[in-house]
Amino acid sequence: MSHFSNIVCRAHQLLREVLHPGDLAVDLTAGNGSDTLFLARAVGPTGCVLAFDIQDQALINTADRLRLAGLSSRRSPLSPSPSLLPGVTLIGASHEQLAEYLQAAPKGVIANLGYLPGGDETIITRSESTVVALRSASDRLAAGGRLAVVVYPGHPGGEEEGKRVDALFCALSTKEWQLLRITVPNSVKAPYLLVAEKR
Ligand SMILES: C[S@@+](CC[C@H](N)C(=O)[O-])C[C@H]1O[C@@H](n2cnc3c(N)ncnc32)[C@H](O)[C@@H]1O
């Protein structure tokens, strides 16, 4: 796909603008690891990346993706660790638990919703937990930080989840937030991107 309408590329571009070496970044849905790898490169070896997924296979795929790129990762212990370590920490838990793992304000957060590409398409992000995770991320985001959400309305449940995410973004005050929504206007089922920047 060309970069022109590739929504995930757009999400990375917009996060790259605010991420710097040493920052804390969060991937709320690790999946096959492309977003985690992007964040790890953006914050460098002195930065921290927390990557969540409820599927063990996703965390295995993410660790493999990082290893192929020459980066290591660690699995988080079952209970949240008291300190953030530099590098990538893979967390086998729902992103609803984000607050328990955050000891600092993240500069960039990505949620690439839907199902694991190449995996079980019935295991999808669910609007109830997605909304909890996004609220938690927006509450804790650093000033000047960005939260990027890629929504997939094309699969069962995706459109409903998109509506809940849209509503959450629309409720953010213009005093505190700048918002952006990038869509493919001639394809209603195409993924779209929501980005919120905290002032
Ligand atoms: C579209 S994929 C993510 C793509 C990924 N970021 C990448 O770069 O390949 C969506 C992922 O969300 C995960 N997921 C679903 N519900 C979740 C939850 N409550 N917490 C964390 N991850 C979840 C799925 O297991 C799946 O791997």
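If you're wondering where the values come from, they're calculated on a predicted model, not measured in any experiment. (Residues numbered from 1 in each chain as written. Predicted model: local features only at pLDDT ≥ 70, side-chain atom pairs only at ≥ 80, totals over all residues. Heavy atoms only, no water.)

## Observations regarding the overall build of the protein chain
Helix and strand counts for the protein chain come out as 6 helices and 8 strands. On C-alpha atoms alone, the protein chain measures out to a radius of gyration of 15 Å, which is about the 16 Å that the 2.2 N^0.38 rule sets for 199 residues. Counting contacts in the protein chain only where the partners sit at least 6 residues apart, residues at least 24 apart contribute 69% of the total. Of the roughly 9,600 Å² of accessible surface on the protein chain, a fraction of 55% belongs to carbon and sulfur atoms. Across the protein chain, 19 positive and 19 negative side-chain charges occur, with their mean positions spaced 6 Å apart. (Helix = DSSP H or I, 4+ residues; strand = E, 2+ residues; numbered from the N terminus. Rg over C-alpha atoms; globule rule 2.2 N^0.38 Å. Contact = heavy atoms within 4.5 Å. Areas by Shrake-Rupley, 256 points an atom, 1.4 Å probe, with all protein chains shown as cover. Lys, Arg positive; Asp, Glu negative; His and termini not counted. Charge placed at Lys NZ, Arg CZ, Asp CG, Glu CD.)

## Re helix H1 (residues 7-16)
Counting buried positions over the 10 residues of H1 gives 7, a clear majority of the element. Looking at H1, one finds that the buried residues are Ile7, Val8, Cys9, Ala11, His12, Leu14 and Leu15. Turning to H1, the residues buried within the fold contact helix H2 (34-43), strand E5 (108-112), strand E6 (146-151), strand E7 (177-182) and strand E8 (192-198). Backbone nitrogen of Val8 and a side-chain oxygen of the N-cap are separated by 3.0 Å at the start of H1; the cap is Asn6. (Buried < 20%, exposed > 50% of the residue type's maximum accessible area, 1.4 Å probe, protein only. Polar contact = N/O pair within 3.5 Å; in protein donor to acceptor, adjacent residues only side chain to side chain.)

## What about the site of the ligand?
Inspection of the region around the ligand gives 23 residues, with Thr29, Asn32, Asp35, Asp53 and Gln55 positioned closest. Asp53 is positioned with one of its side-chain polar atoms (N or O) 2.6 Å from an oxygen atom of the ligand. A distance of 3.0 Å separates a nitrogen atom of the ligand from a polar atom in the side chain of Ser94. Isolated, the ligand exposes 610 Å² of accessible area, and the fraction of that covered by the protein chains is 95%. Within the shell around the ligand, the residues separate by chemical class into 9 nonpolar, 12 polar and 2 charged. (Near = heavy atom within 4 Å. Nonpolar A, V, L, I, M, F, W, Y, C, P; charged D, E, K, R; others polar.)

## Remarks on helix H6 (residues 158-170)
With 13 residues, H6 should cover 18 Å at 1.5 Å per step; its first-to-last C-alpha distance of 18 Å lies within 8% of that length. Those residues of H6 that are buried lie in contact with helix H5 (127-140), E6, E7 and E8. (Expected span 1.5 Å × (residues − 1).)

## Re the sheet that holds strand E1 (residues 24-27)
Read across the sheet, 8 strands follow the order E3-E4-E2-E1-E5-E6-E8-E7 without closing on themselves; strand pairing throughout is mixed. At either margin of the open sheet sits one strand with a lone partner, and together these are strand E3 (73-75) and E7. Each strand axis lies, on average, 15° off the axis of its neighbour in the sheet, ignoring direction. Where H5 meets the sheet, it contacts E5, E6, E7 and E8, and its direction lies at approximately 160° from that of E6. (Pairing = 2+ DSSP bridges. Axes fitted to C-alpha atoms, helices over the stretch in contact; angles between N-to-C directions.)

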